[in-house]
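Report on the structure
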Amino acid sequence: MIKHILVAIDGSEHAKRAALYARDLARQTDAKLTILVAVKPPSSYLIPPFDAVAITASTPEPGHLAAAQALIDELIADLGHGRAVPQTTTGLDPAEVITSEATRLGADLIVLGARGLGAVDRLLLGSVSDRVVRHAAQPVLVVR
Ligand code: ATP
Ligand code: MG
């Protein structure tokens, strides 16, 4: 039933836990796994370690892209996969990028951390995970 999992990461420990959970779920279900980092200004990175990598960017800042690439490289090393094929798209905010890319790529499950880099203890859900849960067309799994 689960064939393609999209996990969105922002470099936080929350997102790392989400990615490891998504990896294990992908292994158990034999699903494809795509890793996405949405970079501001409008650009994003997509990495499916099980087959292709889609790198999305319109007007990326080199520093942001380098940081996203470093995150992806680190995660792929942890996941034990990695082969990259860049693609491009545009997106203004991370939640919008995550939901639209999930649909465009045909993902049937989105995995996110409950919070991210902005981690403020009073929040149960960060604004990105909140918006993705509200707006995604696919089921969303939030990892705490
Ligand atoms: P806020 O950003 O509202 O201050 P926060 O940073 O604590 O709060 P979110 O940004 O909602 O929380 O992060 C929750 C999860 O959403 C992260 O663990 C990650 O899975 C995903 N996420 C957040 N930002 C991005 C991003 N730029 N690209 C990809 N995934 C992201
Ligand atoms: Mg955030």
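Residues numbered from 1 in each chain as written. Chains lettered and ligands numbered in written order. Predicted model: local features only at pLDDT ≥ 70, side-chain atom pairs only at ≥ 80, totals over all residues. Heavy atoms only, no water.

**Here's the deal with the overall build of the protein chain**
To keep it simple, the criterion reads: Here a strand is any run of E in DSSP of at least two residues, a helix any run of H or I of at least four, and the numbering for each starts at the N terminus. Each residue gets one of three labels from its accessible area relative to the maximum for its type: buried under 20%, exposed over 50%, partly exposed in between, using a 1.4 Å probe on protein chains only. Working definition of accessibility: Shrake-Rupley area with a 1.4 Å probe, residue cover restricted to the visible protein chains.
When you go through the protein chain residue by residue, the secondary structure sums to four helices and six strands. Counting from the amino terminus, helix and strand elements in the protein chain follow one another as β-α-β-β-β-α-α-β-α-β. The buried share among the 144 residues of the protein chain stands at 44%. For the protein chain, the exposed area adds up to about 7,200 Å²; of that, 56% sits on carbon and sulfur atoms.

**A look at unusual backbone geometry**
Within the chain, D30 stands out as a residue other than glycine whose phi angle is a positive 60°. Position of D30 relative to the elements: it lies in the loop between helix 1 (13–29) and strand 2 (32–39).

**Regarding the site of ligand 1**
Rule in force here: The near set for a molecule or strand comprises every residue that places at least one heavy atom within 4 Å of it. Between N or O atoms, a polar contact is any pair within 3.5 Å; within protein, one atom must be a potential hydrogen donor and the other a potential acceptor, and residues adjacent in sequence are included only when both atoms are from side chains.
In the vicinity of ligand 1 lie 23 residues, with A8, R115, G118, S127 and V128 positioned nearest. The backbone of I9 places a nitrogen or oxygen atom 3.4 Å from a nitrogen atom of ligand 1. Isolated, ligand 1 exposes 610 Å² of accessible area, and the fraction of that covered by the protein chains is 87%. Elements that contribute at least two residues to the shell around ligand 1 include exactly helix 1, strand 2, helix 3 (94–105), strand 5 (109–113) and helix 4 (127–135).

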